[in-house]
Amino acid sequence: MKKLLMIPGPTPVDRRIQDEMGRETIAFGDASFVADFKEVIAQLKSLFDCSGEVFVVSGSGTLAMEMAAANVTKPEDNVLIISHGYFGDRFVEIFEHKKRNADVLRCEWGEIVPLDEIKAALDAKKYAAVVVTHVDTATGVMAPVAEIGKLVKSYDDTMFIVDGVCATAGIEEKVDSMGIDILLTGSQKAFGVAPGLALLWASKAAMARRESLGVIPEYYCDFDKWLPIMHDPSKYFATPPVNMIWALQESIAIINEETIEGRYARHIKNAKAMQAALETLGFRILANPDYRAYTLSNVIYPEGTDDAQFRKILAEEGVQVAGGLGPYAGKMFRLGHMGNIDDHDMVSVIAAIERTMKRCGMEVEFGKGVGCLMNALA
Ligand SMILES: Cc1ncc(COP(=O)(O)O)c(C=O)c1O
């Protein structure tokens, strides 16, 4: 049976994107590659409303997180981290590792930290940066980025860092108009490219902050090292991942064919349909409905379900999902529905879940989830 990759990243890689990865590699100084890389940078600026700079480097999302911390904060700076789960907590580790003073606002998994709590923290202390995960993949909670951005911008000289790893290119993000100073992601999520690229957008204010820091201890992570290459990709700092840049270029072409607004709308529609179908089948979604992500669903099993057995059988039925993290390990599965997936994939996922329920001895009426999904998609 064909296996659909429905974990929260990597996501299915479209044949067109795979073909770019399979092309014969050429010199990174080749004029045609330089032109392609330039076009990728320009497109990323315009699609995400960034009048500052864009960085595309070999690495994963975690490298982009570290790059954010390294380039707009310095040791002893106060940093406010709004953590909605596992990946918010990863930021705490990164900042503490770099000797920043990290204050953390947390809440129950599935909820968000209220805006007035963030405001109270900002009123009480001067912060060099505020950090939030747009969608925490561990909880499926979506932070109100635009509202937090507006709040943060009412405080002078505080950078707003957004981890978009599980959101960017699937949920609307605009760097300039949402008050974002650093937006970061990896290629393997809503862009639908294979893992391997770290992407980062920096506002003009973030670039000014970088300049004010002078020499920083990081080398590969340093904006100053990469900026000349992002302006003129014929220059060398570290070898660019030629085929991955082409893959990203193709992913951007796919986004432009759909339009970025159409892509965001599709993610909303798919998420609502998927979540309604899962609830009809007796599952529960962890995130509060007011803050539910459009890119993945964190699905709590009915009482008595054996997680390992369920996910093993679901994989045999053709759909690969991920397990729950932290307190939800064994109680939940995580289903990605971001990037380049279509109605065929959506229906196949719910049908495979129904077959799996039957094989696990759970109560299920065939077609109930599929019918609900199809009605929601129609
Ligand atoms: C929200 C979020 N942030 C950061 C990361 C880390 O990204 P990577 O695994 O590409 O290093 C992930 C990975 O799943 C994530 O979901």
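Residues numbered from 1 in each chain as written. Predicted model: local features only at pLDDT ≥ 70, side-chain atom pairs only at ≥ 80, totals over all residues. Heavy atoms only, no water.

(A) Examining the site of the ligand more closely. In the vicinity of the ligand there are 13 residues, among which Ser60, Thr62, Thr137, Asp163 and Lys189 approach most closely. Take Thr62: an N or O atom from its side chain is 2.5 Å from an oxygen atom of the ligand. One nitrogen or oxygen atom from the side chain of Asp163 is found 2.6 Å from a nitrogen atom belonging to the ligand. Secondary-structure elements contributing two or more residues to the shell around the ligand are helix H3 (61-72) and helix H4 (86-97). Ranked by residues supplied to the shell around the ligand, first place goes to H3 with three residues. (Near = heavy atom within 4 Å. Polar contact = N/O pair within 3.5 Å; in protein donor to acceptor, adjacent residues only side chain to side chain. Helix = DSSP H or I, 4+ residues; strand = E, 2+ residues; numbered from the N terminus.)

(B) Examining the domain arrangement of the protein more closely. Annotation of the protein at the domain level lists domain 1 (4-8 + 259-377) and domain 2 (15-257). Distance between the C-alpha centres of domain 1 and domain 2: 28 Å. Opposite the 25 residues of domain 1 that make contact, domain 2 presents 31 residues. For the domain 1 and domain 2 pair, buried surface summed over both sides reaches about 2,300 Å², with 62% attributable to carbon and sulfur atoms. On the surface where domain 1 and domain 2 come into contact, there are zero salt bridges. (Domains from an automatic or database assignment. Contact = heavy atoms within 4.5 Å. Buried area = accessible area lost by both parts, 1.4 Å probe. Salt bridge = Lys/Arg side-chain N within 4 Å of Asp/Glu carboxyl O.)

(C) The arrangement of the nonpolar core in detail. Core analysis: the largest hydrophobic core is formed by 96 residues, its most contacted members being Leu44 and Phe191. If you count residues domain by domain, this core takes at least three from each of domain 1 (4-8 + 259-377) and domain 2 (15-257). Among the nonpolar cores identified, the runner-up in size contains 33 residues, and Met6, Ile341, Ile353 and Leu373 belong to it. (Core = buried A, V, L, I, M, F, W, Y, C linked by side-chain atoms within 4.5 Å. Buried < 20%, exposed > 50% of the residue type's maximum accessible area, 1.4 Å probe, protein only.)

(D) Representation of the pairing of strand E4 (residues 101-106) in the model. In terms of strand pairing, strand E3 (residues 78-83) meets E4 through six bridges, oriented parallel. Bridge pairing in E4 links Val79 to Ala102. In the classification by handedness, the crossover that spans E3, the intervening H4 and the parallel E4 is right-handed. (Pairing = 2+ DSSP bridges. Right-handed = clockwise from strand over helix to strand, strands pointing away.)

(E) Focus on unusual backbone geometry. The omega torsion across Gly9 and Pro10 is 0 degrees, close enough to zero to call that bond cis. One non-glycine residue with positive phi stands out, namely Lys99, at about 65 degrees. Locating Lys99 in the fold gives a position in the loop between H4 and E4.

(F) Structural context of the sheet that holds strand E5 (residues 129-133). The strand order across the open sheet built from seven strands is E2-E10-E9-E8-E5-E3-E4, with neighbouring strands paired in mixed fashion. Only two strands of the sheet have a single neighbouring strand rather than two, namely strand E2 (53-58) and E4. Between one strand axis and the next, the sheet turns through 15 degrees on average, direction left out of account. As defined by bridge partners, E5 adjoins strand E8 (residues 159-163) across five bridges and the pair is classed as parallel. (Axes fitted to C-alpha atoms, helices over the stretch in contact; angles between N-to-C directions.)

(G) Structural detail: helix H13 (residues 368-377). Listing the buried residues of H13 in full gives Gly369, Val370, Cys372, Leu373 and Leu377. Taken down its axis, H13 places every buried residue within 165 degrees of arc, on the same side. (Arc of directions from axis to C-beta.)

(H) Region of the structure containing the sheet that holds strand E11 (residues 284-285). Read from one edge of the open sheet, four strands run E11-E12-E15-E14, paired in antiparallel fashion. Two strands lie at the open edges of the sheet, namely E11 and strand E14 (322-323), each paired on one side alone. Bridging between strand E12 (residues 296-300) and strand E15 (residues 332-336) involves five bridges; their strand directions are antiparallel. Across the sheet, Ile300 pairs through a bridge with Met332, a residue of E15. Packed on one face of the sheet, helix H10 (residues 260-280) meets E11, E12 and E15 and runs near 10 degrees to E12.

(I) Expanded view of the packing of helix H2 (residues 31-47) against helix H9 (residues 242-258). One can describe the packing of H2 onto H9 by two numbers: an axis separation of 10 Å at closest approach and a directional angle of 45 degrees. Viewed along their axes, H2 and H9 adopt a mutual orientation that is oblique. In this structure, H2 crosses over H9, and the sense of that crossing is left-handed. Residues Phe33, Asp36, Phe37, Glu39, Val40, Gln43, Leu44 and Leu47 of H2 lie in contact with H9, whose contacting residues are Val242, Ile245, Trp246, Leu248, Gln249, Ile252, Ile255 and Asn256. Of the residues in the contact of H2 with H9, the class split is 11 nonpolar, three polar and two charged. (Parallel < 35°, antiparallel > 145°, perpendicular 65-115°, else oblique. Left-handed = near helix turned anticlockwise from the far one by under 90°. Nonpolar A, V, L, I, M, F, W, Y, C, P; charged D, E, K, R; others polar.)

(J) Structural detail: the packing of aromatic side chains. One pass over the structure, following the stated rule, counts 17 aromatic pairs. Geometrically, the ring pair formed by Phe33 and Phe37 is tilted, given 5.7 Å between the ring centres and 50 degrees between the ring planes. Of this pair, Phe33 and Phe37 both sit in helix H2, four residues apart, which is roughly one turn of the helix. Of the two residues examined, Phe33 and Phe37, each falls in the buried class. (Phe/Tyr/Trp six-rings, centres within 6.5 Å; stacked < 30°, edge-to-face > 60°.)

(K) Up close: the environment of Met178. Secondary-structure assignment places Met178 in the loop between E8 and strand E9 (182-186). Placed 56 residues apart in sequence, Met178 and Leu122 show a C-alpha to C-alpha distance of 18 Å. When residues no more than four places from it in sequence are discounted, the contact partners of Met178 are Val145, Ala146, Gly149, Lys150, Phe160, Glu172 and Glu173.

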